[in-house]
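Observations on chain architecture
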Amino acid sequence: MDQRTYWNSDAGETWAKEAGRLDAMLAPIGDAVIAALAPRSGERVLDVGCGAGFTSRAMAALGADVLGVDVSAPLLGVAQGAGGGPRYLLADAGGDPLPGPFEALFSRFGVMFFPDPPGAFAHLRTAMAPGARMAFVCWRTMLENDWAREPLAATLPHLSAPPEAPDPHAPGPFAFADPERTRGILTSAGWRDVSLEPLSLPYRVGVDVEDALSLMLKIGPTGRLLREQPEAAAKALPALRALMEKRAGPEGVTFTAAVWLVRGRAQRACAFHSAAVWPQRSTGSAS
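Rules of the game
- Residues numbered from 1 in each chain as written.
- Predicted model: local features only at pLDDT ≥ 70, side-chain atom pairs only at ≥ 80, totals over all residues.
- Heavy atoms only, no water.
- Axes fitted to C-alpha atoms, helices over the stretch in contact; angles between N-to-C directions.
- Helix = DSSP H or I, 4+ residues; strand = E, 2+ residues; numbered from the N terminus.
- Parallel < 35°, antiparallel > 145°, perpendicular 65-115°, else oblique.
- Contact = heavy atoms within 4.5 Å.
- Nonpolar A, V, L, I, M, F, W, Y, C, P; charged D, E, K, R; others polar.
- pLDDT = per-residue confidence, 0-100.
- Left-handed = near helix turned anticlockwise from the far one by under 90°.
- Buried < 20%, exposed > 50% of the residue type's maximum accessible area, 1.4 Å probe, protein only.
- Pairing = 2+ DSSP bridges.
- Lys, Arg positive; Asp, Glu negative; His and termini not counted.
- Salt bridge = Lys/Arg side-chain N within 4 Å of Asp/Glu carboxyl O.
- Polar contact = N/O pair within 3.5 Å; in protein donor to acceptor, adjacent residues only side chain to side chain.

1. Some words on the packing of helix 2 (residues 10–17) against helix 5 (residues 73–82)
Remark: helix 2 packs on helix 5, axes separated minimally by 7 Å, with the N-to-C direction vectors making an angle of 25 degrees. Considering their axes alone, helix 2 and helix 5 lie roughly parallel with respect to each other. Side by side, helix 2 and helix 5 meet where Gly 12, Glu 13, Trp 15 and Ala 16 of the first sit next to Pro 74, Leu 75 and Val 78 of the second. When its residues are assigned to classes, the contact of helix 2 with helix 5 shows five nonpolar, one polar and one charged.

This is the structure in structure tokens:
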């Protein structure tokens, strides 16, 4: 299933319904990337894979002129309903026409799903002003991410059939886990001064055990497996509940997010070209 279809099907509807919980869970990660990008007042920022617009609104609150782009109509509906200053575009940032030029590119887990990553980042570069800054975050390996590894290990014994080993480079959450591959994709696409910094941040998956279980069964690798093999869900539930109880504490059910903070700049030789130009925001506008 291609990404447009996936994010406009039940998956997109689920993420839209759970947007508040998901944004609270991902907030420490998004805050770290925003701090690294340090968007300035009046600066044009492209938020790739903006989802329900949490990060777009946060950067707009700092005075940036933000365009959030996503393929999911359900998620953009939530973003547009929240207001807060950004503008939004329903599009595939990796291939569809983009306005510009932008002075900064931001993404919180929105770039790992491109079917052609080098082509997508080359396309994004054409929407950037020469020397534009980039900061995005992507997952490190599943083995480093206990929020994914531990529930999966608890579930595997109860599956009727083991899952197929995933292609580590296929579009998906862990597609950019290999730092050298990610660096190669970006430099081949015309980005320079590329750096990857490992971060380990708190990842609260629920306020309590039942809240965490509810969310885990709806999203993530374990949730997808159990939706594909629903007969295994009841068998796996006691083991998953025991894991959530083990991880529960005063701050909720908490794991660790192991991520790469990726930074770079568009090659100065890049000349912006697009069918549309991003208009300047009028003073006081919240369109």
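2. Some remarks on the confidence of the model for the protein chain
The pLDDT averaged across the protein chain works out to 91; a share of 93% of its residues lies at or above 70. Low pLDDT, under 50, characterises residues 282–287; the predicted model gives this stretch four contacts beyond four residues in sequence or across chains.

3. Remarks on the packing of helix 3 (residues 19–37) against helix 4 (residues 54–61)
At their nearest, the axes of helix 3 and helix 4 sit 10 Å apart, and the two run at 45 degrees to each other. It follows from the interaxial angle that helix 3 and helix 4 lie oblique. Between helix 3 and helix 4 lies a crossing of right-handed hand. Only Phe 54, Thr 55, Ala 58 and Met 59 of helix 4 make contact with helix 3, whose side of the interface consists of Asp 23, Ala 27, Gly 30, Ile 34 and Leu 37. Of the residues in the contact of helix 3 with helix 4, the class split is six nonpolar, two polar and one charged.

4. Looking at the pairing of strand 5 (residues 128–139)
Here strand 5 lies mainly inside the structure; eleven of its twelve residues are buried. Relative to strand 5, strand 4 (residues 102–108) is paired through six bridges, and the arrangement is parallel. Note on strand 5: the bridge partner recorded for Phe 102 is Met 128. Inspection of the sheet shows strand 5 paired to strand 8 (residues 252–266) by seven bridges, in the antiparallel sense. Bridging across to strand 8, Ala 135 finds its partner in Arg 263.

5. Side note on the side chain of Asp 47
Position of Asp 47 among the secondary structure elements: in strand 1 (residues 44–48). Salt bridges are absent for the buried Asp 47, whose nearest opposite-charge side chain, Arg 108, sits at 7.4 Å. Among the polar contacts made by the side chain of Asp 47, one reaches the side chain of Ser 56 at a distance of 2.7 Å. In contact with Asp 47, other than residues within four places in its own chain, are Thr 55, Ser 56, Met 59, Val 66, Leu 67, Gly 68, Val 69, Phe 106 and Ser 107.

6. Some details on unusual backbone geometry
Cis peptide bonds are those with omega within 30 degrees of zero, and the linkage from Gly 100 to Pro 101 qualifies with 0 degrees. By secondary structure assignment, the location of Pro 101 is in the loop between strand 3 (87–90) and strand 4. Located in the positive-phi region is Phe 109, a residue other than glycine, with phi close to 60 degrees. One can find Phe 109 in the loop between strand 4 and helix 6 (117–126). A positive phi angle is found at Asp 193, which is not glycine, with a value near 50 degrees. Along the chain, the position of Asp 193 falls in strand 6 (residues 191–206).

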